[in-house]
Amino acid sequence: MIRSMTGFGHGEVSNDKNQKVTVEMKSVNHRYCDISLKLPKKLAMFEANIRNIMKEYASRGKIDIYVSYEDLSETAVSLHYNQAMAAEYMQVFKKMQEDFGIETKITAEALAKYPEVVTLEEVQQDEEVWWELLEATLRQAAEKFVETRTIEGANLKKDLLGKLDQMAADVAFIERRSPQIIAEYRAKLEEKVKEFLEDSAIEENRIAAEVTLYADKIAVDEEIVRLQSHISSMTDVLESDESIGRKLDFMAQEMNREANTILSKSSDVDLADHAIELKTNVEKVREQIQNIE
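Residues numbered from 1 in each chain as written. Predicted model: local features only at pLDDT ≥ 70, side-chain atom pairs only at ≥ 80, totals over all residues. Heavy atoms only, no water.

S.K.: Help me out: how do you make sense of the packing of helix H6 (residues 221-238) against helix H7 (residues 245-265) in this one?
M.R.: Each pair of packed helices can be summarised by the angle the axes make with each other and by the distance between the axes. Where H6 meets H7, the closest approach of the two axes is 10 Å, and the angle between their N-to-C directions is 155°. On the basis of the axis angle, H6 is roughly antiparallel to H7. In the packing of H6 onto H7, the handedness of the crossing is left-handed. Between H6 and H7, the residues in contact are Glu223, Arg226, Leu227, His230, Ile231, Ser233, Met234, Val237 and Leu238 and Lys247, Leu248, Met251, Ala252, Glu254, Met255, Glu258, Ala259, Thr261, Ile262 and Lys265, respectively. Residue composition of the contact of H6 with H7, grouped by class: 11 nonpolar, 3 polar and 6 charged. (Axes fitted to C-alpha atoms, helices over the stretch in contact; angles between N-to-C directions. Helix = DSSP H or I, 4+ residues; strand = E, 2+ residues; numbered from the N terminus. Parallel < 35°, antiparallel > 145°, perpendicular 65-115°, else oblique. Left-handed = near helix turned anticlockwise from the far one by under 90°. Contact = heavy atoms within 4.5 Å. Nonpolar A, V, L, I, M, F, W, Y, C, P; charged D, E, K, R; others polar.)

This is the structure in structure tokens:
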């Protein structure tokens, strides 16, 4: 199944320690695989790991990934007693007592309220615990991300195959119509010559030469063959499981070139109408292909 470059995925995983990681990712079209990460400082060490895992799920697209976490575990924070800071406070209080002749009654509870004496510090958790949680969440989000890309890709494929069928029909009409145009031109040329020459003999060789020049001028046989080949090849590629966006883009450029040539050589109203429709569908195909991974 082909994949679109537009997708969205969400993952949320918790462990038995009341720790939770949430991952959201979304993507839009991009020529290459461009991953933008927004990580909390606590998980920033895992950036390279995240990028390596995402290579398993996407090869193209601008992907924005947002990671957040909650840590409600009992060991998340701890109290820290700064003995050196408490000693400095006590020295200052003692010096004030001596200088001003006043008494101070400092209790441990009162001393603990002074800045930096007792602080809350985050306990460093095992990296393996956090990576295990983050990886599970990331893969959960990535699988949903790929699922949305695949669904959108199926819609793109259906639309593209429909347009390729229309293009094939237009090319078939042009292929049938081209010889008829030459025959009609010959008939009109002979009629005009007869009017001018009346009963005089018509030089068949001169007419044949003129018709040949006209046929060369409007000939689109090579363009038709190449377009038929491109349409067939693109249909086959759409059935591939590979990353095909770049390959299809190249084919669409070639198809556009052939369609432009046919349109520039169109001297017949019906043929020109189909050539315009052909070029319009080629442009639509090129636009849709920009969404394919």
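S.K.: Help me out: how do you make sense of the nonpolar core in this one?
M.R.: The nonpolar side chains of a soluble globular protein tend to be buried with one another. Among the nonpolar cores identified, the biggest contains 29 residues, and Met234, Leu248 and Leu278 are the most heavily contacted of them. Counting only elements with at least two residues in this core, the list comes to helix H4 (127-197), H6, H7 and helix H8 (269-289). The dominant element in this core, judged by the number of residues it contributes, is H4, at 7 residues. In this structure Met234 touches Leu164, Leu248, Met251, Ala252, Met255, Val285 and Ile289, once residues within four positions along its chain are discounted. Counting residues in hydrophobic clusters, the runner-up holds 25 residues, among them Val21, Leu37, Trp130 and Val146. (Core = buried A, V, L, I, M, F, W, Y, C linked by side-chain atoms within 4.5 Å. Buried < 20%, exposed > 50% of the residue type's maximum accessible area, 1.4 Å probe, protein only.)

S.K.: Would you take a moment to explain a negative patch on the surface for this structure?
M.R.: Residues Asp126, Glu127, Glu128 and Glu132 make up a contiguous surface patch of negative charge. Residue placement: Glu127 occurs in helix H4. For Glu127, a relative accessible area of 48% corresponds to the partly exposed category. (Patch = residues over 30% accessible without salt bridge, like charges linked within 9 Å, V, L, I, M, F, W, Y side chains within 5 Å. Areas by Shrake-Rupley, 256 points an atom, 1.4 Å probe, with all protein chains shown as cover. Salt bridge = Lys/Arg side-chain N within 4 Å of Asp/Glu carboxyl O. Lys, Arg positive; Asp, Glu negative; His and termini not counted. Charge placed at Lys NZ, Arg CZ, Asp CG, Glu CD.)

S.K.: How do you make sense of helix H2 (residues 83-100) when you look at a structure like this?
M.R.: Given 3.6 residues per turn, any residue in an α-helix points the same way as the ones three and four places further on. Taking 1.5 Å of rise per residue, the 18 residues of H2 would be expected to cover 26 Å, and the 26 Å separating its terminal C-alpha atoms lies within 8% of that figure. Measuring from the backbone nitrogen of Ala84 back to the side-chain oxygen at the start of H2 gives 3.4 Å, which picks out Asn82 as the cap. Following H2 by one or two positions, Gly101 has its phi on the positive side, about 65°. (Expected span 1.5 Å × (residues − 1). Polar contact = N/O pair within 3.5 Å; in protein donor to acceptor, adjacent residues only side chain to side chain.)

S.K.: Even after reading the chapter, I still don't get the pairing of strand S1 (residues 7-14), so can you show me in this structure?
M.R.: Side chains of S1 alternate between two faces, with Gly7, Gly9, Gly11 and Val13 buried and Phe8, His10, Glu12 and Ser14 left unburied. Pairing analysis gives 8 bridges linking S1 to strand S2 (residues 19-28), with the strands arranged antiparallel. Paired with His10 across the two strands is Glu24, which belongs to S2. What sits between S1 and S2 in their antiparallel hairpin is a turn of 4 residues, with Asn18 showing a positive phi close to 65°. (Pairing = 2+ DSSP bridges.)

S.K.: When you look at the pairing of S2 in this model, what are you seeing that I'm missing?
M.R.: Taken residue by residue, a regular strand's side chains alternate between the two faces of the sheet. One ladder, built from 10 bridges, connects S2 with strand S4 (residues 61-71); its direction is antiparallel. Paired with Val23 across the two strands is Val67, which belongs to S4.

S.K.: Just checking my understanding: could you explain the sheet that holds strand S3 (residues 33-38) for this structure?
M.R.: Hydrogen bonds between backbone groups are what pair the strands of a sheet, and the pairing can be parallel or antiparallel. The strand order across the open sheet built from 4 strands is S1-S2-S4-S3, with neighbouring strands paired in mixed fashion. Across the chains shown, the open sheet's two edge strands, defined by having one partner strand only, are S1 and S3. Along the sheet, successive strands turn relative to each other by an average axial angle of 15°, direction set aside. In this fold helix H1 (residues 47-54) packs onto S2, S3 and S4, with an angle of close to 145° to the strand it touches most, S3.

S.K.: Sorry if this is basic, but what is going on with the environment of Ile292 here?
M.R.: In this structure, Ile292 sits in the segment after H8. Ile292 sits 46 residues away from Arg246 along the chain, and the two C-alpha atoms are 8.5 Å apart. Excluding residues within four positions of it along the chain, Ile292 makes contact with Ile2, Arg3, Ser4, Met5, Arg60, Leu156, Leu160, Ile244, Gly245 and Leu248.

S.K.: Got a minute to help me understand the environment of Ser229 in this structure?
M.R.: Here Ser229 lies in helix H6. Take Ser229: its relative accessible area is 39%, and that puts it in the partly exposed class. In sequence terms Ser229 and Met255 are 26 residues apart; their C-alpha atoms lie 9.6 Å from each other.

S.K.: Help me out: how do you make sense of the packing of aromatic side chains in this one?
M.R.: Two aromatic rings are characterised by how far apart their centres lie and by the angle between their planes. Following the criterion strictly, the structure yields 5 aromatic pairs and no others. The interplanar angle of 35° and the centroid separation of 5.4 Å between the aromatic rings of Phe46 and Trp131 together place this pair among those described as tilted. You can see Phe46 sitting in the loop between S3 and H1 and its partner Trp131 sitting in helix H4, a full 85 residues away along the chain. There is no split in this pair, since Phe46 and Trp131 are both buried. For the ring pair Tyr69 and Trp130, a centre distance of 5.3 Å and an interplane angle of 80° mean the geometry is edge-to-face. Of this pair, Tyr69 sits in strand S4 while Trp130 sits in helix H4, placing them 61 residues apart in sequence. Members of the aromatic cluster, joined through ring pairs, are Tyr89, Phe93 and Tyr114. (Phe/Tyr/Trp six-rings, centres within 6.5 Å; stacked < 30°, edge-to-face > 60°.)

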